[in-house]
Every structure is written in C-alpha cells, then in structure tokens.
Amino acid sequence: MFASRKALNAITINYRNGFVQAFHRDHRSNNTYYIYSDLSNYSIGASGAYDANAVTTHQAWSDQSIHGNISAKWFREPLDPVTGEKTGKATQIQPDDLINIAGLSQVPDGVATWHVAVSKYSDSPLLSAALAVSDPSNKSIVAVVGVTTALYSVGQLMKELVEFHSGHIYLTSQEGYLLATSTNAPLLRNSTRGPRLMMAVDSEDHIIHAGAEWLQQA
C-alpha cells in the first residue's frame, strides 16, 4: 500500500509499551525509510493499556513519551521504495528528526480523527489521520496507527483542471490556511521553529491573495 500510494508521506504505529514503527517517504531527497525506537533504552511505563473510559488520560502512556523521552534511541534504515528491502545500514537519529507520529492525544475517545500537519521533509501541508487499535474487549487502546498524506496530490488535480478551463483554484482550511493551489506559489512559510502553514491572504500569488482578502471582507 505504501509503495503504490506515492502521496503517502508516512505510516506510523505507536504501541502502548512505547515501541514505534514507521515507514517514511522523504519527498525532498526522494528516499524511503523505516524508522523505529529502541525499547532497551526506553523509560516509559509499559504496564497496562490506556483505558478509554478513564477520567484522566495521564495514568498511562502519552504523546510526550515520543519526543520528550531523552533516554530513548531512534534509528532509521533506508529502504528500496518498491520492494521495501533494506538498502543501507541503520543510523541513529535525534528526536528532532522524527516525523509526525500519531499519539494518544489524537484519539482520546478511540474515534478516528484528522488534522493538518507540516513537516520539514515536505513542501506541502499534510493530512494526518489517526486511528486507535483496541484490545479484543474493546475497552482499552493498545496502539495508535497514523497515516499522513501530502496534500500536493490535490494541488496536482487543481493544476490539471485549470489547464483546460484556466483560472485559479485554491483550498484553505476553515481558519483560512492555504492547503493546496493550482499554482506553484509556496504553501508554507519558514520560521525559527521550522515550516508553518500560511494564510491564503499572505500568499505570494496576487490572485489568491486578492481573492482571500475579498472573501475575508465578504
């Protein structure tokens, strides 16, 4: 599935004992990686699953254990994008180099959720979906699966449409952030904390900028 869907940026599995597995496609370098955590150095408590009906969500595992646990070690292996075979040795990476990993906070009640995310590995905003995996009794969450898709595929469709009909097409979030366009205008802005979403009214494309301003007033 990952090899056939080129728009997929990552597939992640975050288990209740702290182990994380992920496939990641770096569109900037055109490389595919397998990312995993080393549990022998993990200090997260692995006793029991998260109870979806519990009053507090801090009794068991949490998202902070992914990036905030300095004792954990993370590794990345290059893969053949078609066969999935390993093409190089595993190298250790820093938590700052980790991709967007779906965590418990995205599925506190066990229901699938979606949100827009950004990554330093992609020039396109990402649509990140999270799904809880429950135990056989369906009372506790044992893992969270995440699927991240680059929204550039939507932009490609828009470009194909305007080739025949001319004009401009762009997609924004409800808050007005630019997610995809039929132009080559940048979708993200750089900041000291890395790439960030851009408002449509701040677009470099004057048509999108003017259209977004008019919509704001209207």
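The model shown is predicted, which means the values in this text are computed figures rather than measured ones. Here the residue numbering is sequential within each chain, running from 1 through the sequence in written order. Local features in this predicted model are restricted to residues whose pLDDT is 70 or higher, and side-chain atom pairs enter the listing and the counts only when it is 80 or higher, whereas totals over whole chains, interfaces and linings include all residues. Side-chain metrics rest on all non-hydrogen atoms present in the structure, leaving aside hydrogens and water.

Notes on the environment of Val147
- Helix numbering and strand numbering both begin at the N terminus, where a helix is a DSSP run of H or I of at least 4 residues and a strand a DSSP run of E of at least 2. Inspection of the secondary structure puts Val147 in strand β9 (residues 140-150).
- Exposure classes here rest on a 1.4 Å probe applied to the protein chains alone. A residue is buried below 20% of its type maximum, exposed above 50%, and partly exposed in between. For Val147, a relative accessible area of 27% gives the class partly exposed.
- With 138 residues separating them in the primary sequence, Val147 and Asn9 have C-alpha atoms 7.8 Å apart.
- Excluding its chain neighbours within four sequence positions, the residues that come into contact with Val147 are Leu8, Ala10, Leu127, Ser128 and Ala129. Contacts are assigned to residue pairs with any non-hydrogen atoms lying within 4.5 Å of each other.

Regarding the environment of Gly146
- The topology assignment puts Gly146 in strand β9.
- Since its relative accessible area comes to 3%, Gly146 is described here as buried.
- Once the C-alpha coordinates of Gly146 and Ala132 are considered, the two residues, 14 residues apart in sequence, prove to be 8.9 Å apart.
- When near neighbours in sequence (up to four residues on either side) are disregarded, Gly146 contacts Ala10, Ile11, Thr12, Ala102, Ala129 and Ala130.

Side note on helix α2 (residues 152-165)
- A helix's residues, less one, multiplied by 1.5 Å, set its expected span. In this model α2 runs 20 Å from its N-terminal to its C-terminal C-alpha over 14 residues, within 8% of the 20 Å that 1.5 Å per residue would give.
- Every buried residue belonging to α2 is among Gly155, Met158 and Val162, and all of these are buried. Here the buried residues of α2 occupy an arc of 55° about the axis, which is enough to place them on one side. Of the exposed residues in α2, those oriented more than 90 degrees away from the buried face are Glu163 and Phe164.
- The elements touched by buried residues of α2 are β10 (170-172) and β11 (178-181). Arc, as used here, means the arc of the directions from the helix axis to the C-beta atoms.

Topic: the packing of aromatic side chains
- Paired rings are identified among Phe, Tyr and Trp, the last through its six-membered ring, by centres lying within 6.5 Å, and are further divided according to the angle between planes into stacked (under 30 degrees), edge-to-face (over 60) and tilted (the rest). What the rule picks out here adds up to five aromatic pairs.
- Here Tyr15 and Phe19 contribute two aromatic rings whose centre-to-centre distance is 5.8 Å and whose plane-to-plane angle is 15°, an arrangement assigned as stacked.
- Ring centres of Phe23 and Tyr34 lie 5.6 Å apart, and the angle between their planes is 45°; this geometry places the pair in the tilted category. Of this pair, Phe23 sits in strand β2 (residues 20-26) while Tyr34 sits in strand β3 (residues 31-38), placing them eleven residues apart in sequence.
- In this structure Tyr34 comes out as buried when scored by relative accessible area, which is 17%.
- For a Lys NZ or an Arg CZ to count as sitting over a ring, it must be within 6 Å of the ring centre and within 35 degrees of the ring normal. In this structure, Arg25 is placed above the aromatic ring of Phe2, and the distance from its NZ or CZ to the ring centre is 4.2 Å.
- Above the face of the Tyr33 ring, Arg76 is positioned so that its terminal group lies 4.2 Å from the ring centre.

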